[in-house]
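Given next are the chains, with one letter for each unit.
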There are 2 protein chains.
Amino acid sequence: TAADAEAGKAKAAVCAACHGKNGIAQIPGYPNLAGQNEQYLVSALKAYKNKQRSGGQSAVMQGQATGLSDEDIANLAAYYSSLPADGGK
Amino acid sequence: TAADAEAGKAKAAVCAACHGKNGIAQIPGYPNLAGQNEQYLVSALKAYKNKQRSGGQSAVMQGQATGLSDEDIANLAAYYSSLPADGGK
């Protein structure tokens, strides 16, 4: 099934705490997600889920990604990649 | 010493092949770097250098980051974070 950005938006509520409501991180050291490459976001989320990323704040993302299905990951990537990279300013 | 975005720009010539001259990746699966959070870029580059990231295309970045000093990393992060997130369109 094709990725569903609207479903991703619903799933992204918890992500917003660190990555910002508009995908622009409000906390130093956390990446902006708005307008990021969709395939890269899928790859990164899977790497966190598979515990292939350590260092930095990766433990936070390992925990968050554990509960995401492949469909959730595809939807979240579709959502964040659809947001304007400048945060909509 | 403070990070030097101009030195980062000079060092970034090789990065542009995948991440784009303006920090917007031209290859699916590679992340945009333009306007990304500076501290996150430092953290990510150090994680690649320390081989703390695997999966996806991480082997490419492990190789690239191996030769970067902490100063290079700081300068590259300063440079890419200074670029407009929308690629300057």
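Read on for an overview of the structure. The structure displayed is predicted, hence computed values, not measured ones. (Residues numbered from 1 in each chain as written. Chains lettered and ligands numbered in written order. Predicted model: local features only at pLDDT ≥ 70, side-chain atom pairs only at ≥ 80, totals over all residues. Heavy atoms only, no water.)

## Points about the interface of chain B and chain A
Line of reasoning, step 1. Listed per partner, the contact involves 21 residues of chain B and 21 residues of chain A.
Line of reasoning, step 2. Summed over both sides, the interface of chain B with chain A buries roughly 1700 Å², with 41% coming from carbon and sulfur.
Line of reasoning, step 3. The interface formed by chain B and chain A includes 0 salt bridges.
Line of reasoning, step 4. Across the contact surface, chain B and chain A share 10 residue pairs in polar contact (both at pLDDT 80 or more).
Line of reasoning, step 5. Residue composition of the side of chain B that touches chain A, grouped by class: 8 nonpolar, 11 polar and 2 charged. (Contact = heavy atoms within 4.5 Å. Buried area = accessible area lost by both parts, 1.4 Å probe. Salt bridge = Lys/Arg side-chain N within 4 Å of Asp/Glu carboxyl O. Polar contact = N/O pair within 3.5 Å; in protein donor to acceptor, adjacent residues only side chain to side chain. Nonpolar A, V, L, I, M, F, W, Y, C, P; charged D, E, K, R; others polar.)

## As for the packing of helix 3 (residues 38-49) of chain B against helix 5 (residues 70-82) of chain B
All names here are of chain B.
Line of reasoning, step 1. Viewed as axis vectors pointing N to C, helix 3 and helix 5 meet at an angle of 140 degrees, and their least axial separation amounts to 8 Å. Taken as axis vectors, helix 3 and helix 5 run oblique relative to one another. Both helix 3 and helix 5 take part in a crossing whose hand is right-handed. Across the interface between the two elements, E38, L41, V42, L45, K46 and K49 of helix 3 pack against D70, I73, A74, L76, A77, A78, Y80 and S81 of helix 5.
Line of reasoning, step 2. For the contact of helix 3 with helix 5, the class distribution of residues is 9 nonpolar, 1 polar and 4 charged. (Axes fitted to C-alpha atoms, helices over the stretch in contact; angles between N-to-C directions. Helix = DSSP H or I, 4+ residues; strand = E, 2+ residues; numbered from the N terminus. Parallel < 35°, antiparallel > 145°, perpendicular 65-115°, else oblique. Left-handed = near helix turned anticlockwise from the far one by under 90°.)

## A short note on the environment of B:E71
Line of reasoning, step 1. Structurally, B:E71 is set in helix 5.
Line of reasoning, step 2. As a C-alpha pair, B:E71 and B:D4 span 67 residues in sequence and 8.7 Å in three-dimensional space.

## Thoughts on the relation of the copies chain B and chain A
Line of reasoning, step 1. When chain B is brought onto chain A, the operation consists of a screw motion whose angular component is 180 degrees and whose axial shift is 0.0 Å, with 0.0 Å RMSD remaining. The two molecules are tied by a two-fold rotation axis, judged by turn and shift. Residue B:R53 of chain B places its C-alpha closer to the rotation axis than any other residue of that unit, at 2.2 Å.
Line of reasoning, step 2. Interface overlap between copies: 100% of the residues of chain B at the interface are likewise at the interface in chain A, consistent with a symmetric, same-surface contact. (Least-squares fit on C-alpha atoms with pLDDT ≥ 70 in both.)

## So, the packing of aromatic side chains
Line of reasoning, step 1. Per the stated rule, a full pass over the model turns up 2 aromatic pairs over all chains.
Line of reasoning, step 2. Taking NZ or CZ as reference, A:R53 lies 4.9 Å from the ring centre of A:Y48, over its face. (Phe/Tyr/Trp six-rings, centres within 6.5 Å; stacked < 30°, edge-to-face > 60°. Lys NZ or Arg CZ within 6 Å of the ring centre and 35° of its normal.)

## What to know about the nonpolar core
Line of reasoning, step 1. Formed by 37 residues in total, the largest nonpolar core has its most connected members in A:L76, A:Y80, B:L76 and B:Y80.
Line of reasoning, step 2. Excluding residues that lie within four positions of it along the chain, A:Y80 makes contacts with A:A12, A:C15, A:A16, A:G20, A:G23, A:L33, A:A34, A:G35, A:Q36 and A:L41. (Core = buried A, V, L, I, M, F, W, Y, C linked by side-chain atoms within 4.5 Å. Buried < 20%, exposed > 50% of the residue type's maximum accessible area, 1.4 Å probe, protein only.)

## Comments concerning the layout of surface pockets
Space left empty within the atom packing is revealed by a probe, the size of a water molecule, rolled over the atoms.
Line of reasoning, step 1. Of the pockets and cavities examined, the second largest pocket occupies roughly 170 Å³.
Line of reasoning, step 2. Along the wall of the second largest pocket there are 13 residues; nearest its centre are A:I24, A:A85, A:D86, A:K89 and B:A85.
Line of reasoning, step 3. Among the residues forming the lining of the second largest pocket, the class breakdown is 5 nonpolar, 5 polar and 3 charged. (1 Å grid on protein atoms, 1.4 Å probe; cavity = no way out; pocket = protein on both sides within 12 Å on 5 of 7 lines; lining within 4 Å. Points joined across faces, edges and corners; volume = space filled by probe spheres on them.)

## Concerning the side chain of A:N37
Line of reasoning, step 1. Looking at the element boundaries, A:N37 is found in the loop between helix 2 (16-19) and helix 3 (38-49).
Line of reasoning, step 2. Of the polar contacts made by the side chain of A:N37, one reaches the backbone nitrogen of A:Y40; its length is 3.1 Å.
Line of reasoning, step 3. Polar side-chain contacts of A:N37 include one of 3.5 Å to the backbone oxygen of B:Y30.
Line of reasoning, step 4. In this structure A:N37 touches A:S81, B:I27, B:P28, B:G29, B:Y30 and B:N32, once residues within four positions along its chain are discounted.

Any functional reading would require information beyond the geometric quantities listed.
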